[in-house]
Each structure stands twice: as C-alpha cells, then as structure tokens.
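Structure at a glance
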Amino acid sequence: MKVLVINAGSSSLKYQLFDMETAEVLAKGLCERIGAGGTITHKPANKDVYSAEVDLPTHDEALSLVLGLLVSPEHGVVENIEEIDAVGHRIAHGGEKYKASSLIDDEAIEYLETIVPINPLHGPPAIKGIRACKRLMDKTPQVGVFDTSFYSSMEDFRTIYAIPYEFYTENKIRRYGFHGTSHRYVSAKAAEMLGKDIKDLKIVTCHLGNGSSITAVDGGIAIDTSMGFTPQEGIPMGTRSGTIDPTVVPYIMKAKNLTADQVEDILNKKSGLLGVSGISNDSRNVEAAAKEGNYRAQLALKIVANGIKKHIGSYIAELNGIDALVFTAGIGENSATMRSMVCENLDFFGIKIDEDKNSSARGKAADISENGAKVKTLVIPTNEEYMIALDTVKFCKE
Ligand code: ADP
C-alpha cells in the first residue's frame, strides 16, 4: 500500500511517498517559488537527487511535475500513478467540523472555503493542493489530516476567550490549537518508549521549531495547548511574539501610526527570537551570539525558555501531575541548550535531566532524564508526514 503525503504552502509543495508495509519513504521532495518561477528538489530512495529550475505557474503544474518524476524511469519509484492508493493532505485548520481525519469530497472543500477567513494564510494553498490532486488523480481517495483535530476534545472553558460571547458565535473566534499532528505523534511515541498504555499517562509535549507550541495530553487526549485562534498565541517563537498584553496592539498602532496589517506583520514576522535578539530567528545563530556574550541574544533565549517553562508548569497544574515531558521539532530535537534552560529548576515537579545525556541527544529518540527522576524527559523526533500517512491508510481503496 502506497500513500502520498502532500503539504501545500502558498508558494511551495512538499511531498513524501510512503510504502506503508515497510514504513519506508520511497521518495520525497519540495517544489518552491510556485507562481514566481519554480524549483524542484526530488529525492528518490536509492537514486540520485534531482534538482531543477522549472516553470511552475500554479500548484497544478507543481503536482504534475511531481507525479511525472514519481513514475519516470530515471527518477521514479513506482511504475504508474495508479499504484498510489491514497493521498493524505496536511491541513492546518479543520474549523469546528473536523474532529478527526476525513475523506475530502466536494462538500469538504466547500467547508474549508468557508473557514478561509479564520485561516487566511494556510487555507487557500491547502485547497489548491487538494484541487490539483483531485484533477490529476481523480480516482484516488483524498484524505485531510487537520492540525486542529487533536484539540477537538478540549473543553469549552479552555477554548473560549473571555471576551463577549458573540465573537465566538458570530466570528468563530475561539482557541483551536495547531501542530496537533506532531503532538499526537510524539505523545504516542512517548508511551511506546515508556512501554506504557497512553491511557495511563499524563504528558506535556513541547514542539519547538520555527513555530512552537506546548500541549497537555491526558490519557492520549489533548486537554490544553498554547496556540489559540491562530498560531500566534502562546510561547515566543522564531519570529512570533507569542502571547502579549493585547492592549499593546492598539497602543503601538496609535503611537507609531501603524495599520492593523502592519502590526500583525510585526508580531508574526519580526518578533520572537528575531525581534528581541536583532540577530536571527534561527536559534542556532542566537545561541552562538549568546555564547559570545551578546546580551540581547541571551535575553531572547531566556524569554523563550521562560515562556516554555511557564506553560509546562501550568499544564502540570491542569493535568494534576506529569509522567513524561517531551521535546520535539527543530529546536526541541537539537538544542541541548534550550532543553537545559527549560528544565532548570523544575525538580520540584520531579523533572530532572542528565546533562550528559542531554548534550548527546540530537535528532534521535532519547531518554535524557536523570536516573531515578520521577518524570521521564524524552527527546522524540517528530514525523508529521508519517502520522498523516497512517491516518490516510484507513481510507485507502481496497
Ligand atoms: P518548522 O517549524 O519550520 O517545521 P523546524 O521544526 O524544522 O521548523 O525547526 C527549525 C528551527 O530549529 C530552526 O529555525 C532552528 O532555530 C532550530 N534548530 C535546528 N537545528 C538546531 C540546532 N542544532 N540547535 C539549535 N536550534 C536548531
């Protein structure tokens, strides 16, 4: 059984083709600069990487190129497109309708179009990716896997903002949560690593990448998460501010004569590690500058680490305990410095890491807890694409 996973961005299209019997990635790649030129990098397993500049006016051309490469004698990995049993689409937002992964038919596309106003960045490209697949692979089941679904069991008092209730009923303003596929994957892996049933575990998962979020998982169910109406809420990230006093927004609009769009741009793209350090959104660069004594780089890292720590603490309170703390994504998997800063002085909760294990854990699953620590602290590489493929299998044609 073969599953193609598609992640369509506004000018990009990422893909991975899985053989689900062996969990092997047969090929993966990335189309970039769609609509403004175009490049492709295609990596078939056991064959040379293929990279080229190509004209990719729309997602349709990008997908045609990908499908052509997947079956080509030189770069391909399957004989024909019919060998692909289903396509799984990464969809950031499933609104209130999608509480689980689902087949994407015309009605589903119509629904996704209705929620574009609350998902303006990721909605349109995801719909383009789905439409392209439907046009080019019309007999193949298309499955949507939604980042928000993992949070569909969150209770109302954790999703409704304390603003006039009509903003929820009329404008759909509530907390939705994101990165759910990653949190779902690593929490399940954590249970596997601990040899326990996830139903018996209280886990806090920290997805720390360019975008970052923390989730409290009780018995396999997400009960709270740091991102909200948009991915802007929660901890400070590479370029996002995370939660700030909302009054700052009208204040700087008036003080600096800025429009709402300009402030949104500042909070989304010019804040976080980049905004405070003035150096970079990439924590590798900020960490290097901090080591050399740069005050603003040190400050940026401390603000991020403290934001993470506060969420862990509040989730331990909401969970009424914790069995495992998990770090994942670019920073979570690779930065021993950030993990160490976050876990410092959490021994009251039973969280104690072994610095030797921590510094040698990079990009692979590892238990970095001190021997005998009450709470297991784990590094687990995320694999959202594989999780999407696993969900998609359930909808494969027989
Ligand atoms: P995305 O959210 O785009 O999927 P990733 O999960 O790939 O992002 O995370 C990317 C980030 O991970 C980079 O911007 C960088 O800050 C961080 N990162 C990657 N490797 C390291 C490292 N060795 N040390 C510190 N940070 C790292």
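Structural data are supplied above this passage.
Below: a short report on this structure. (Residues numbered from 1 in each chain as written. Predicted model: local features only at pLDDT ≥ 70, side-chain atom pairs only at ≥ 80, totals over all residues. Heavy atoms only, no water.)

1. Here we look at the overall build of the protein chain
Spelled out, the test is: Note on conventions: DSSP H or I runs of at least 4 residues are helices, E runs of at least 2 residues are strands, and numbering of each starts at the N terminus. In this setup the radius of gyration rests on C-alpha atoms only. A globule is expected at 2.2 Å times the number of residues raised to 0.38. The buried label applies to any residue whose accessible area, calculated with a 1.4 Å probe on protein chains only, is under 20% of its type's maximum; exposed applies above 50%, and partly exposed to all values in between. We call two residues in contact whenever any of their non-hydrogen atoms come within 4.5 Å of each other. Per-residue and other accessible areas follow the Shrake-Rupley method at a 1.4 Å probe size, with only the shown protein chains counted as cover for residues. Under the counting rule used here, the positive set is Lys and Arg, the negative set is Asp and Glu, and His together with the chain ends is not counted. The atoms used to mark charge sites are NZ of Lys, CZ of Arg, CG of Asp and CD of Glu.
The helix and strand inventory of the protein chain stands at 15 helices and 14 strands. Computed over C-alpha atoms, the radius of gyration of the protein chain comes to 21 Å, within 12% of the 21 Å expected from 2.2 N^0.38 for 398 residues, which places it in the range of a compact globule. Overall, the C-alpha framework of the protein chain stretches about 55 × 55 × 45 Å when taken along its three principal axes. Evaluated residue by residue, the protein chain yields a buried proportion of 50% over its 398 residues. Sequence-distant contacts, at least 24 apart, represent 60% of the contacts inside the protein chain between residues at least 6 apart. Only carbon and sulfur atoms are counted for the fraction: they give 51% of the accessible area of the protein chain, which is about 18600 Å². Positive and negative side-chain charges in the protein chain, numbering 43 and 53 respectively, have mean positions lying 4 Å apart.

2. Observations concerning the environment of Leu 63
Considering the arrangement of structural elements, one finds Leu 63 in helix α1 (residues 59-71). Since its relative accessible area comes to 0%, Leu 63 is described here as buried. Sequence-wise, Leu 63 and Asp 391 are 328 residues apart; in three dimensions their C-alpha atoms are separated by 22 Å. In this structure, Leu 63 is in contact with Ile 6, Ala 132, Cys 133 and Leu 136, ignoring residues within four places of it in sequence.

3. Looking at the site of the ligand
Which entries qualify depends on this criterion: Any residue with a non-hydrogen atom lying within 4 Å of a molecule or strand is treated as near it. Residues adjacent in sequence count toward polar contacts only when both atoms are side-chain atoms; beyond that, a polar contact is any pair of N or O atoms within 3.5 Å, and within protein one must be able to donate a hydrogen and the other to accept it. Side-chain classes follow a simple rule in which Ala, Val, Leu, Ile, Met, Phe, Trp, Tyr, Cys and Pro form the nonpolar group, Asp, Glu, Lys and Arg form the charged group, and the remainder, Gly included, forms the polar group.
The local shell around the ligand consists of Gly 209, Asn 210, Gly 211, Asp 282, Ser 283, Arg 284, Glu 287, Ala 329, Gly 330, Ile 331, Asn 334 and Ser 335. Take Gly 211: an N or O atom from its main chain is 3.5 Å from an oxygen atom of the ligand. In the complex, the protein chains occlude 70% of the 580 Å² of accessible area that the ligand would expose alone. Elements that contribute at least two residues to the shell around the ligand include exactly α10 (283-291) and α12 (329-334). Looking at the shell around the ligand residue by residue, the classes come out as 2 nonpolar, 7 polar and 3 charged.

4. Points about the sheet that holds strand β1 (residues 2-8)
To be explicit about the condition: Strands are treated as partners if at least two bridges between them are detected by DSSP. To get an axis, fit a line to the C-alpha atoms, keeping to the stretch in contact for a helix; angles then go from 0 to 180 degrees between the N-to-C directions.
Pairing is mixed in the open sheet, where 8 strands are placed in the order β5-β4-β3-β2-β1-β6-β8-β7. In this open sheet, the two strands that pair with only one neighbour each are β5 (50-53) and β7 (102-103). Contacts from helix α3 (residues 123-136) reach β1, β6 (84-91) and β8 (142-146), with the element oriented near 170° to β6.

5. A look at the packing of aromatic side chains
Heads up, the condition is: Within 6.5 Å between ring centres, the rings of Phe, Tyr and Trp (the latter by its six-membered ring) count as paired, and their orientation is classed by plane angle as stacked under 30 degrees, edge-to-face over 60, tilted in between.
One pass over the structure, following the stated rule, counts 7 aromatic pairs. In textbook terms, an aromatic cluster arises when at least three aromatic residues are bridged by ring pairs, as seen for Tyr 98, Tyr 111 and Phe 146.

6. Observations regarding the sheet that holds strand β13 (residues 366-367)
Ordered by their spatial adjacency, 6 strands build an open sheet running β11-β10-β9-β12-β14-β13, and the pairing between neighbours is mixed. Every interior strand has two partners, whereas the edge strands, β11 (221-225) and β13, have only one. Two elements, β13 and strand β14 (residues 376-379), share 2 bridges in a ladder whose sense is antiparallel. Within β14, the residue paired with Asp 367 across the bridge is Leu 378.

7. What about the pattern of salt bridges?
Rules: Here, a salt bridge means any Lys or Arg side-chain nitrogen found within 4 Å of an Asp or Glu carboxyl oxygen.
One pass over the full model with this rule turns up 20 salt bridges. Among the salt bridges present, the one from Glu 155 reaches Arg 158, with a minimum N-O distance of 4.0 Å. For Glu 155, a relative accessible area of 44% puts it in the partly exposed group. Arg 158 sits in the buried class, given a relative accessible area of 14%. Note that Asp 265 is salt-bridged to Lys 269, the shortest N-O span being 3.5 Å. Placement of the pair is Asp 265 and Lys 269 together in helix α8 (residues 260-269), with a separation of 4 residues, close to one helical turn. On the basis of relative accessible area, Asp 265 is assigned to the partly exposed category, the value being 26%. Through salt bridges that share partners, Glu 155, Arg 158, Arg 175, Asp 224, Glu 233 and Glu 318 make up one connected network.

8. A word on the pairing of strand β9 (residues 202-208)
Of all 7 residues in β9, 6 are buried; the element is thus mostly enclosed. Bridge count between β9 and strand β10 (residues 212-218): 7 bridges; the pairing is antiparallel. Along β10, the bridge assignment pairs Lys 202 with Asp 218. Once β9 ends, the chain turns through 3 residues before running back antiparallel as β10. In this structure, β9 lies alongside strand β12 (residues 324-328), joined through 5 bridges in parallel fashion. Bridge assignment links His 207 to a residue of β12, and that residue is Thr 328.

9. What to know about the nonpolar core
Filter applied, for reference: Here, nonpolar core means buried Ala, Val, Leu, Ile, Met, Phe, Trp, Tyr and Cys residues that are tied together by side-chain atoms lying within 4.5 Å of each other.
Counting residues in hydrophobic clusters, the biggest one holds 36 residues, and the most contacted among them are Leu 208, Ile 308, Ile 312, Leu 325, Met 338 and Ile 351. Within the residue set of this core, elements represented by two or more residues are β9, β10, α10, α11 (295-319), β12 and α13 (336-343). Counting residues in each nonpolar core, the second largest holds 27 residues, with Phe 18, Met 20, Ala 86 and Val 145 among its members.

Read these as geometric descriptors, not functional statements.
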